[in-house]
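Letter by letter, the chains look like this.
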Amino acid sequence: MDDTQKLENEIAAAIGAASDEAALEAVRVDALGKKGRVSLLMRGLGKMSPEERQIAGPALNALKTRLNELIATRKDVLAEAALNARLETERLDMSLPARARTQGRIHPVSQVMDEVAVIFGDMGFAVAEGPDIEDDFHNFTALNFPPGHPARDQHDTFFLNEKEDGEQMVLRTHTSPVQIRTMVAAVERAKKTGGDLEPIRIIAPGRTYRCDSDQTHTPMFHQVEGLVIDKETHMGHLKGCLADFAATFFETEVKTRFRPHHFPFTEPSAEMDIGYERKDGQILIGQGDQWMEILGSGMVHPNVLTSVGIDPDVYQGFAFGMGIDRLAMLKYGIPDLRDFFAADARWLKHYGFSPLLQPNLATGLSS
Ligand code: PHE
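On a predicted model such as this, the values are computed, not experimentally measured, just so you know. Starting from 1, residues in each chain are numbered consecutively following that chain's sequence as written. Totals for whole chains, interfaces and linings use all residues, but because this is a predicted model, local features are given only for residues with pLDDT of at least 70 and pairs of side-chain atoms are given and counted only at 80 or more. The side-chain figures draw on all heavy atoms in the structure; neither hydrogens nor water molecules are used.

A.B. asks: Let's hear about the site of the ligand: which residues, and what values?
C.D. replies: By nearness alone, 14 residues border the ligand, and His174, Ser176, Arg210, Gln223 and Glu225 come closest of all. His174 is positioned with one of its side-chain polar atoms (N or O) 3.0 Å from a nitrogen atom of the ligand. Between N or O atoms, a polar contact is any pair within 3.5 Å; within protein, one atom must be a potential hydrogen donor and the other a potential acceptor, and residues adjacent in sequence are included only when both atoms are from side chains. Within the side chain of Arg210, an N or O atom sits 3.0 Å from an oxygen atom of the ligand. Here the ligand loses 91% of its free accessible area of 330 Å² to cover by the protein chains. Starting at the N terminus, helices and strands are each numbered in turn, a helix being any DSSP run of H or I of at least four residues and a strand any DSSP run of E of at least two. Elements supplying a minimum of two residues to the shell around the ligand: β5 (220-230), β9 (290-300) and β10 (316-323). Take the shell around the ligand: its biggest share by element is 3 residues, from β10. As a working rule, the residues Ala, Val, Leu, Ile, Met, Phe, Trp, Tyr, Cys and Pro are called nonpolar, Asp, Glu, Lys and Arg charged, and the rest polar, with Gly in that last group. Classifying every residue of the shell around the ligand by side-chain character gives 4 nonpolar, 8 polar and 2 charged. Each residue is tested against the molecule or strand, and it is near if at least one of its non-hydrogen atoms lies within 4 Å. Using a 1.4 Å probe, the Shrake-Rupley method yields the accessible areas, and only the shown protein chains count as cover for residues.

Right under this line is the structure:
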């Protein structure tokens with residue numbers, strides 16, 4: 001039994017000395033594994049006499065149990081130490097600054113388009129769209145510019161190569177062709193359902209193109225078209241609607257003025273000016289006695305209604321078109337139009353808008 005006691009002491013010492021779980025496992029295998037020292041002793045039981053075995057058997061079993069307990073306890077200690085060591089090295093440094101996020105900005109043109117859509121949306125206008133590449137019919141002929149009409153020349157049109165069937169396509173010179181597309185679609189809908197023409201009330205924001213470039217003109221620019229068609233709408237509605245628009249859009253008192261003008265597709269026609277003043281090279285809206293034109297408008301010409309199959313003796317309405325870039329320059333004091341399209345990130349950072357602030361009439365269009 002002395003030998004057994006010595007063996008137990010030795011193994012217990014080895015267990016205590018094991019410095020990690022792998023070393024402990026080696027000690028366990030050496031003692032209790034298939035060919036371990038304790039296992040070999042147990043194997044020797046078979047050769048003993050029944051009397052000897054009755055004493056040695058329980059003693060060895062008890063030894064085995066004690067060693068297993070020692071190993072389990074040591075294992076817990078080592079596992080906890082290992083975990084603590086890992087936690088120590090894997091500690092997160094919460095004071096480290098977060099990675100900087102690059103933030104996008106909304107371009108003033110997009111911002112103004114959204115603001116305009118919010119204002120007219122509140123008045124019951126829907127948003128319509130048309131293609132940038134137009135045919136001659138939609139851009140000119142249906143708008144009462146017959147072929148050869150001198151007003152066509154004022155549009156500095158970009159012409160595209162003629163199509164195989166000889167059709168002349170252009171980059172649209174204004175958003176007015178969307179008036180035509182909208183009315184044609186409404187007429188078709190009415191034909192299909194056999195009902196009356198539904199009242200039309202749309203705005204159409206988008207890109208437009210003219211061969212022109214200086215501080216206030218770029219070959220590509222933006223307009224928003226408006227069109228209202230029903231049986232009653234008259235010039236008073238036009239004036240009220242656009243004056244209301246200006247008052248809301250500029251977010252300050254503005255003076256407006258309607259001035260007679262001429263467009264082939266409206267009769268009568270008017271341009272709307274807003275009062276402003278120039279002070280230290282800055283444009284100040286809502287004061288002063290100078291006038292700046294911001295839109296063209298008028299009652300839709302009977303020839304235009306006829307060209308899309310609407311009876312001008314029954315239906316009437318108004319249309320308007322304004323330059324979005326011009327509105328943005330005025331409202332946000334941006335002096336040079338060409339900078340709008342120079343794709344300079346510093347310019348956009350300065351003049352751009354937070355994507356998180358959606359224009360709305362409840363909390364403000366631009367704040
Ligand atoms: N299309 C005209 C332009 O580009 C503006 C306009 C639209 C005028 C609708 C009257 C009615 O100058």
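A.B. asks: I'd like to hear about the pattern of salt bridges, residue by residue, with values.
C.D. replies: Between side chains of opposite charge, pairing is possible as soon as their charged atoms come close. When a carboxyl oxygen of Asp or Glu is within 4 Å of a side-chain nitrogen of Lys or Arg, the pair counts as a salt bridge. As enumerated under the stated definition, the model contains 17 salt bridges in all. Arg66 serves as the salt-bridge partner of Glu8, at 2.8 Å between the closest nitrogen and oxygen. With Glu8 in helix α1 (residues 2-17) and Arg66 in helix α4 (residues 50-89), this residue pair connects regions lying 58 residues apart in the sequence. Relative accessible area serves as the criterion here: at 38%, Arg66 is assigned to the partly exposed category. The salt bridge partner of Arg346 is Asp344, with a shortest N-O separation of 2.9 Å. Categorising residues by exposure relies on relative accessible area from a 1.4 Å probe, with only protein chains included: less than 20% of the type maximum marks a residue as buried, more than 50% marks it as exposed, and the intermediate range marks it as partly exposed. Overall, the relative accessible area of 65% leaves Arg346 in the exposed class. Within the structure, one salt-bridge network assembled from shared partners comprises Arg257, Arg259, Glu271 and Asp273.

A.B. asks: Now, about the nonpolar core: what can you tell me, with residues and values included?
C.D. replies: Core analysis: the biggest nonpolar cluster contains 38 residues, and Val116, Phe120, Phe250, Ile294, Phe320 and Leu327 have the highest contact counts within it. Mapped onto this core, the elements with two or more residues apiece are α5 (108-122), β5, α8 (235-249), β7 (266-279), β9, β10 and α10 (324-332). It is α8 that provides the largest number of residues to this core, a total of 6 residues. Residues grouped as a nonpolar core are buried Ala, Val, Leu, Ile, Met, Phe, Trp, Tyr and Cys residues, joined through side-chain atoms within 4.5 Å.

A.B. asks: Now, about helix α7 (residues 177-193): what can you tell me, with residues and values included?
C.D. replies: Between the first and last residue of a helix there are one fewer steps than residues, each counted as 1.5 Å, and that sum is the expected span. Its 17 residues give α7 an end-to-end C-alpha distance of 25 Å, which sits within 8% of 24 Å, the value for a rise of 1.5 Å per residue. Residues of α7 that are buried: Pro177, Val178, Gln179, Ile180, Thr182, Met183, Ala186, Val187 and Ala190. One or two positions beyond α7, positive phi appears at Gly194, with a value near 70°.

A.B. asks: Could you give an account of α8, with specific residues and numbers?
C.D. replies: Compared with an ideal rise of 1.5 Å per residue, which puts 15 residues at 21 Å, α8 spans 21 Å between its outermost C-alpha atoms and is within 8% of the ideal. For α8, the complete set of buried residues consists of Leu238, Cys241, Leu242, Phe245, Ala246 and Phe249. Here the buried residues of α8 occupy an arc of 130° about the axis, which is enough to place them on one side. Packing partners of the buried residues in α8 comprise α5, β6 (256-263), β7, β9, β10 and α10. Glu251 sits one or two residues past α8 and shows a positive phi near 55°. Directions are taken from the helix axis to each C-beta atom, and the arc is the one they span. What makes two residues a contact is simply this: any of their non-hydrogen atoms within 4.5 Å.

A.B. asks: Give me the lowdown on the domain arrangement of the protein, citing residues and values where you can.
C.D. replies: For the protein, the assigned domains are domain 1 (4-85) and domain 2 (108-134 + 171-351). An automatic or database domain assignment is the source of the domain bounds shown. For domain 1 versus domain 2, the distance between C-alpha centres works out to 92 Å.

A.B. asks: A description of a negative patch on the surface should follow, citing residues and the corresponding values.
C.D. replies: Patches here: salt-bridge-free residues with over 30% relative accessible area, like charges joined within 9 Å, nonpolar side chains (Val, Leu, Ile, Met, Phe, Trp, Tyr) joined within 5 Å. Only four residue types enter the tally: Lys and Arg on the positive side, Asp and Glu on the negative side; His and the chain ends are excluded. A single reference atom marks each charge: NZ on Lys, CZ on Arg, CG on Asp, CD on Glu. On the surface, a cluster of negative charge is made up of Asp20, Glu21, Asp76 and Glu80. Residue placement: Glu80 occurs in helix α4.

A.B. asks: Describe the packing of α5 against α10, and please don't skip the residues or the numbers.
C.D. replies: Orientation of α5 relative to α10, taken along the N-to-C sense of each, is 95°, at an axis distance of 9 Å. Taken as axis vectors, α5 and α10 run roughly perpendicular relative to one another. In this structure, α5 uses Pro108, Val109, Gln111, Val112, Met113, Glu115 and Val116 to contact α10, whose residues at the interface are Ile324, Asp325, Leu327, Ala328, Lys331 and Tyr332. Looking at the contact of α5 with α10 residue by residue, the class counts come to 9 nonpolar, 1 polar and 3 charged. Axis angles are defined between N-to-C directions and span 0 to 180 degrees, where every axis is a line fitted to C-alpha atoms and, for a helix, only to the segment in contact. Oblique is the label for every angle not falling under 35 degrees (roughly parallel), over 145 degrees (roughly antiparallel), or within 65 to 115 degrees (roughly perpendicular).

A.B. asks: Any chance you could break down the pairing of β6 for me, citing the residues and the numbers?
C.D. replies: At least two bridges found by DSSP between two strands are what make those strands a pair. Judged from the 7 bridges that link them, β6 and β7 form a sheet pairing that is antiparallel. Bridging from a neighbouring strand, Arg259 pairs with Glu271 of β7.

A.B. asks: Would you mind going over unusual backbone geometry in detail, with residue names and values included?
C.D. replies: Generally, phi is negative for residues other than glycine and the peptide bonds are trans, each holding for most cases. Here the bond from Glu267 into Pro268 is cis, since omega is -5°, no more than 30 degrees from zero. Residue placement: Pro268 occurs in strand β7. A positive phi angle is found at Asp156, which is not glycine, with a value near 45°. Relative to the helices and strands, Asp156 is located in the loop between α6 (136-139) and β3 (169-171). Given a relative accessible area of 33%, Asp156 falls into the partly exposed group.

A.B. asks: Mind laying out the side chain of Ser176, listing which residues take part and the relevant values?
C.D. replies: Structurally, the position occupied by Ser176 is in the loop between β3 and α7. By relative accessible area, Ser176 is classed as buried at 3%. A distance of 2.7 Å separates a polar atom in the side chain of Ser176 from a polar atom in the side chain of Glu225. Every residue in contact with Ser176, bar those within four places of it in the chain, is listed here: Leu143, Glu225 and Phe265.

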